[in-house]
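A structural walkthrough
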Amino acid sequence: MLAWLLVIVWLQNETRNQQIQQIQQLAVTVNYAVQANLPAHDSQQLANQLRQIHLSSSLAVQYIAVYNGQLELIASSAFPAPASVLQSAPSTYQLSALPDGTKLAVLPVSAGLAPEQTDSATKLPDNGYVAVVIATEPSWLFRLIPLALLAAAMAVGLVLSISIVRRGQVRLATDVELLAHNFRRLQQARQQCQITESLVPSLKPVQQAFNDLASSLDQSQLATEQLVQQLNQRVQHFNVQLTELEQQRQSLTTDQQAQRRHIRHWFEQSLILWHRRTQLQPAQLQRLLQMHMLAGYYQFSDKQLKGPPVRLSDWLGQHIDELNELLPSTGVTLDWQEYPDNLDYTVSVCDKTLKSLLQALVTLCLRVDDVSKISVTIQLQGGAQPTLRLSAGCNGNGLPEHCRDLIKTGQLLDLQWSDADVALLKAIQLTGGDFTPQSLEGLGCILQLTLPVQTEQVSTTKAIQHLLIFDADNERLHQRCIALSGIASQVSKCSKLNELEHLLQNKVFELVLLFLPATTDGSDWQKIKQCVRQQSAMLCFASPERMSAWQQQLPEVLANHQFCLAAVQAVSEQLPKPADVQHILVVDDNETNLAFVRVLLKNKPLMLHTATSAAEVFSLCKQQRFDMILLDIQLPDMSGVEIAKQLRQMPQYRQVPIVAFTAHAMPAEIERYREAGMDDIVFKPLEPARLDSLLARFSLTTSRT
């Protein structure tokens with residue numbers, strides 16, 4: 001209704017404004033007609049024009065009348081002229097209602113001419129007036145049309161509103177059902193129940209609260225699942241630990257039972273061995289008891305293979321006679337093989353265990369059928385984890401089948417008192433050792449035992465400078481040379497008698513080692529006898545059964561039936577000490593220069609050594625200490641300057657005179673030689689006077705006290 005009233009008011013104002021504009025236009029038209037006819041006092045003509053204006057007007061005009069300033073009727077469009085309706089003289093446009101329901105619009109003539117003033121307007125005395133009587137339209141139609149339009153609009157709006165409300169109700173019902181469904185899922189502890197659909201605005205807070213609740217429940221459920229999973233894992237872990245503990249318990253129980261059986265078996269075999277003591281030789285009984293006791297010691301305790309430090313070469317020299325007693329009186333030979341590291345290191349090992357292990361290896365080799373030769377190796381191997389390798393090899397038909405089975409199966413309960421050697425070798429593996437037997441039918445066997453040990457390096461000096469060794473067995477000769485390299489600086493070898501004769505006639509050796517053959521016949525050995533007197537010392541090795549025969553042939557020669565490094569070292573310590581001779585090293589890659597230096601030093605009380613490369617220099621300097629070095633600058637593999645720098649870094653050569661030996665040198669080069677540690681410089685060719693001054697300067701022409 002308010003809208004309808006507003007529309008009515010607006011229409012009335014709009015109609016009134018249009019009427020005012022039309023009346024003003026009508027007044028202007030009438031004003032022109034008055035101006036055209038009134039000066040001629042042609043009232044009839046003015047009335048006719050007013051009627052034309054009346055008929056052509058779009059307004060519902062009943063008549064138009066023109067009045068003068070005294071409100072007298074001048075002309076009218078109606079005929080007959082109506083009565084005067086003008087009661088007052090307004091100064092502006094005025095609209096009023098007449099008693100009969102019509103409207104009266106009064107407009108002064110001058111006002112109608114306001115937009116375009118002319119002089120004719122003044123011809124109307126007292127400013128005349130135009131009166132227009134307008135018939136009013138029925139107001140009910142005027143009000144009904146807006147009301148109808150408004151009603152239609154309201155009806156359309158109502159229909160749309162009802163449709164929107166119904167759709168909203170349907171959507172609200174759908175959203176409520178969606179909420180109810182998700183609530184039911186949430187009650188059933190379902191995950192991922194968040195509502196992602198767009199709900200009606202009134203349910204937005206409910207949707208947000210529901211999503212927050214579902215998210216918190218999801219997180220809580222996820223945390224619960226993770227906790228359950230962790231608990232399950234811990235339970236599984238505890239079950240695994242429980243299973244492992246149960247297995248360990250069962251294993252310990254099994255081990256304890258096995259340990260009891262082994263201890264019982266060991267005691268039984270000990271009693272059997274003791275009861276058979278009258279059937280065994282004392283030495284054999286002692287060895288079996290010692291091996292049997294050590295096998296039980298390492299089998300039933302966690303003791304390691306440790307003892308006071310010993311040098312293997314000295315240890316073998318002390319026990320070699322006792323170890324050789326293992327052999328039968330005739331038919332079997334025993335060779336001992338050693339290595340240079342046995343001299344340079346001490347080993348922390350139990351003395352009794354080491355002796356029993358070697359006895360076990362030799363005893364096991366003696367079980368081989370048709371054995372005639374046994375070779376035992378004692379080798380210390382360095383590295384991050386030093387090891388001691390004990391091996392015994394022999395010829396023959398290989399180990400008996402029952403021995404191979406005992407070693408292979410590893411059942412200590414199957415070992416009898418007579419298998420004490422096998423029991424000890426298998427028990428020693430519990431300390432970290434490794435025992436690997438190899439036996440081939442008709443080819444003998446090789447028994448190898450490797451033990452982890454602790455070593456410590458000791459300082460050793462090579463007591464012999466030049467040594468000669470003879471052996472007809474090339475394989476044994478090669479191994480002996482390797483072992484003797486730890487005692488002698490230079491080892492010469494030969495395997496034929498003519499080579500031996502030649503070496504003995506042309507060189508003098510500090511010690512000569514001869515491995516004598518089984519026979520003493522032959523003219524060649526007669527020549528060897530003549531050469532023996534030229535040597536400082538000679539040590540011969542022969543089998544025990546041939547020792548007396550060889551001593552008759554070579555009475556002046558020291559003899560021994562068993563080779564070992566300790567025996568050779570003992571002989572070398574008894575040799576007369578050589579005179580204290582000063583040594584000079586001359587380095588040059590030109591043989592002519594070296595020959596010239598030899599001539600100059602021929603009559604000097606010096607020992608001359610020569611080298612032609614840097615590699616030879618470092619090799620010689622590691623073997624012995626020189627009293628002076630004459631060093632060439634230009635060498636094929638390294639500069640003499642660099643050699644001097646490296647020699648000065650060695651403790652034994654920090655004070656030794658080093659003299660540069662070159663053909664020419666600039667002042668800058670001489671300075672560089674001195675910065676490298678060289679004490680002086682001489683030029684080629686070497687002058688005798690310059691050489692004598694150098695020897696006198698560094699006190700090399702007199703013997704040292």
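Everything below is about the structure shown above.
Only a predicted model underlies this, so the values are computations on that prediction, with no experimental measurement involved.

1. Some remarks on the sheet that holds strand β8 (residues 345-348)
Within a sheet, adjacent strands bond to each other through the backbone by hydrogen bonds, running parallel or antiparallel. Taken in spatial order, the 3 strands make up an open sheet running β6-β8-β13, and their pairing is antiparallel. Here the strands that pair on one side only, and so sit at the sheet edges, are β6 (309-310) and β13 (455-457). As judged from the 3 bridges shared by β8 and β13, these two strands associate in the antiparallel manner. Its bridge partner lying in β13, Y345 is registered against Q457.

2. Here we look at unusual backbone geometry
With an omega dihedral of -10°, the bond running from K684 to P685 counts as a cis peptide bond. Mapped onto the elements of the fold, P685 is located in the loop between β23 (680-683) and α21 (688-697). Unlike most non-glycine residues, L71 shows phi in positive territory, near 65°. The residue L71 is located in the loop between β1 (61-67) and β2 (73-76) in this model. One non-glycine residue, D370, adopts positive backbone phi at about 60°. Looking at the secondary structure, you find D370 in the loop between α9 (351-366) and β9 (373-381).

3. Focus: the pairing of β9
In regular strands, side chains alternate between the two faces of the sheet. Most of β9 sits out of view: 7 of its 9 residues are buried. In terms of strand pairing, strand β7 (residues 333-337) meets β9 through 5 bridges, oriented parallel. By the bridge assignment for β9, L334 is matched with I374. Examined bridge by bridge, β9 and strand β10 (residues 387-394) share 8 bridges and lie antiparallel to one another. Within β10, the residue paired with S375 across the bridge is G393. Counting the residues that bridge the hairpin from β9 to β10 gives 5 residues, and of these G383 lies at a positive phi of roughly 130°.

4. Structural notes on the packing of helix α6 (residues 282-299) against helix α11 (residues 420-427)
Axes are the key here: two packed helices are described by the angle between their axes and the distance separating the axes. In the contact formed by α6 and α11, the axes pass within 8 Å of each other and the chain directions differ by 30°. As summarised for this structure, α6 and α11 are arranged roughly parallel, according to the angle between their axes. Crossing angle aside, the handedness with which α6 passes α11 is left-handed. Taken together, the residues of α11 that come into contact with α6 (itself represented by L288, M291, H292, L294, A295, Y298 and Q299) are A420, D421, A423, L424 and A427. By residue class, the composition of the contact of α6 with α11 is 9 nonpolar, 2 polar and 1 charged.

5. With respect to the pattern of salt bridges
For the structure shown, the criterion picks out 14 salt bridges. The partner of E246 in a salt bridge is R249, and the shortest N-O contact between them spans 2.5 Å. Separated by 3 residues within a single helix, E246 and R249 lie in helix α5 (residues 204-275), roughly one turn from each other. Here E246 falls in the partly exposed class, since its relative accessible area comes to 32%. Note that D421 and R367 form a salt bridge whose closest N and O atoms lie 2.9 Å from each other. In this pair, D421 sits in helix α11 while R367 sits in the loop between α9 and β9, placing the two residues 54 residues apart along the sequence. According to the relative accessible area criterion, R367 is buried, its value standing at 19%. In this structure, a network of salt bridges that share partners links the residues D335, D471, R476 and R480.

6. Describing a nonpolar patch on the surface
Where nonpolar side chains cluster on the molecular surface, the patch consists of F183, V206, L213 and L217 and spans about 290 Å² of accessible area. Per-element tally for the nonpolar patch: the top contributor is α5, with 3 residues. Take L217: it is sitting in helix α5.

7. As for the sheet that holds strand β11 (residues 434-440)
Strands sit in the order β7-β9-β10-β12-β11 across an open sheet of 5 strands; the sheet is mixed. In this open sheet, the two strands that pair with only one neighbour each are β7 and β11. With direction set aside, neighbouring strand axes in the sheet form an average angle of 10°. Note: β10 against strand β12 (residues 444-452), 8 bridges, orientation antiparallel. Note on β12: the bridge partner recorded for T387 is P452.

8. Brief notes about the packing of α5 against α6
In contact at an axis separation of 11 Å, α5 and α6 are set at 170° when each is read in the N-to-C sense. The angle between α5 and α6 places the two elements in the roughly antiparallel class. Residues Q259, H262, W266, Q269, S270 and L273 of α5 form the contact with α6, whose participating residues are L285, L288, L289, H292, M293, G296 and Q299. Classifying every residue of the contact of α5 with α6 by side-chain character gives 6 nonpolar, 7 polar and no charged.

9. Side note on helix α16 (residues 565-573)
Because an α-helix completes one turn every 3.6 residues, residues spaced three or four positions apart along the sequence face the same direction. Within α16, 7 of the 9 residues are buried, which leaves it mostly tucked inside the rest of the structure. Burial in α16 covers these residues: L565, A566, A567, V568, Q569, V571 and S572.

10. A few points about the pairing of strand β15 (residues 488-494)
The pairing of strand β14 (residues 464-470) with β15 spans 6 bridges and is parallel. Bridge pairing in β15 places H466 opposite Q490. In this fold, β14 hands off to helix α12 (residues 474-484), which returns the chain to β15; that crossover is right-handed.

11. Notes on helix α2 (residues 43-56)
An ideal rise of 1.5 Å per residue puts 20 Å on 14 residues; α2 measures up with 20 Å between its terminal C-alpha atoms. Buried within α2 we find L46, A47, L50, I53 and H54. What you see down the axis of α2 is that its buried residues fit within an arc of 120°, all on one side. Opposite the buried face of α2, at more than 90 degrees from it, the exposed residues are Q44, Q52, L55 and S56.

12. Examining the environment of C621
Looking at the element boundaries, C621 is found in helix α18 (residues 614-623). Sequence spacing of C621 and L647 is 26 residues, and the spatial spacing of their C-alpha atoms is 8.5 Å. Residues contacting C621, with those up to four places away along its chain left out, are L585, F626, I629, L647, M650, Q652 and Y653.

13. Thoughts on the packing of aromatic side chains
Within the structure shown, the criterion is met by 6 aromatic pairs. Both rings, one in W266 and one in F267, keep their centres 5.1 Å apart while their planes meet at 75°; by these two values the pair is edge-to-face. Each ring, one from Y297 and one from Y298, has its centre 5.0 Å from the other, and the planes form 80°; the classification is edge-to-face. Residue Y298 is classed as buried on the basis of its relative accessible area of 2%. An aromatic cluster of three or more residues is present, and its members are W266, F267 and F300. The lysine or arginine in question, K684, covers the ring of F661, its NZ or CZ lying 5.1 Å from the ring centre.

14. Observations regarding the nonpolar core
Ranked by internal contacts, the top residues of the largest apolar core, which has 61 residues, are W336 and I374. Top element by residues in this core is α9. It accounts for 8 residues. Ignoring any residue separated from it by four or fewer positions in sequence, one finds W336 in contact with L316, I320, L323, N324, L358, V376, I378, R480, Q562 and F563. Core analysis: the second largest hydrophobic core is formed by 26 residues, A611, I633, V656 and I681 among them.

About the criteria used
- Residues numbered from 1 in each chain as written.
- Predicted model: local features only at pLDDT ≥ 70, side-chain atom pairs only at ≥ 80, totals over all residues.
- Heavy atoms only, no water.
- Pairing = 2+ DSSP bridges.
- Helix = DSSP H or I, 4+ residues; strand = E, 2+ residues; numbered from the N terminus.
- Buried < 20%, exposed > 50% of the residue type's maximum accessible area, 1.4 Å probe, protein only.
- Axes fitted to C-alpha atoms, helices over the stretch in contact; angles between N-to-C directions.
- Parallel < 35°, antiparallel > 145°, perpendicular 65-115°, else oblique.
- Left-handed = near helix turned anticlockwise from the far one by under 90°.
- Contact = heavy atoms within 4.5 Å.
- Nonpolar A, V, L, I, M, F, W, Y, C, P; charged D, E, K, R; others polar.
- Salt bridge = Lys/Arg side-chain N within 4 Å of Asp/Glu carboxyl O.
- Patch = residues over 30% accessible without salt bridge, like charges linked within 9 Å, V, L, I, M, F, W, Y side chains within 5 Å.
- Areas by Shrake-Rupley, 256 points an atom, 1.4 Å probe, with all protein chains shown as cover.
- Right-handed = clockwise from strand over helix to strand, strands pointing away.
- Expected span 1.5 Å × (residues − 1).
- Arc of directions from axis to C-beta.
- Phe/Tyr/Trp six-rings, centres within 6.5 Å; stacked < 30°, edge-to-face > 60°.
- Lys NZ or Arg CZ within 6 Å of the ring centre and 35° of its normal.
- Core = buried A, V, L, I, M, F, W, Y, C linked by side-chain atoms within 4.5 Å.

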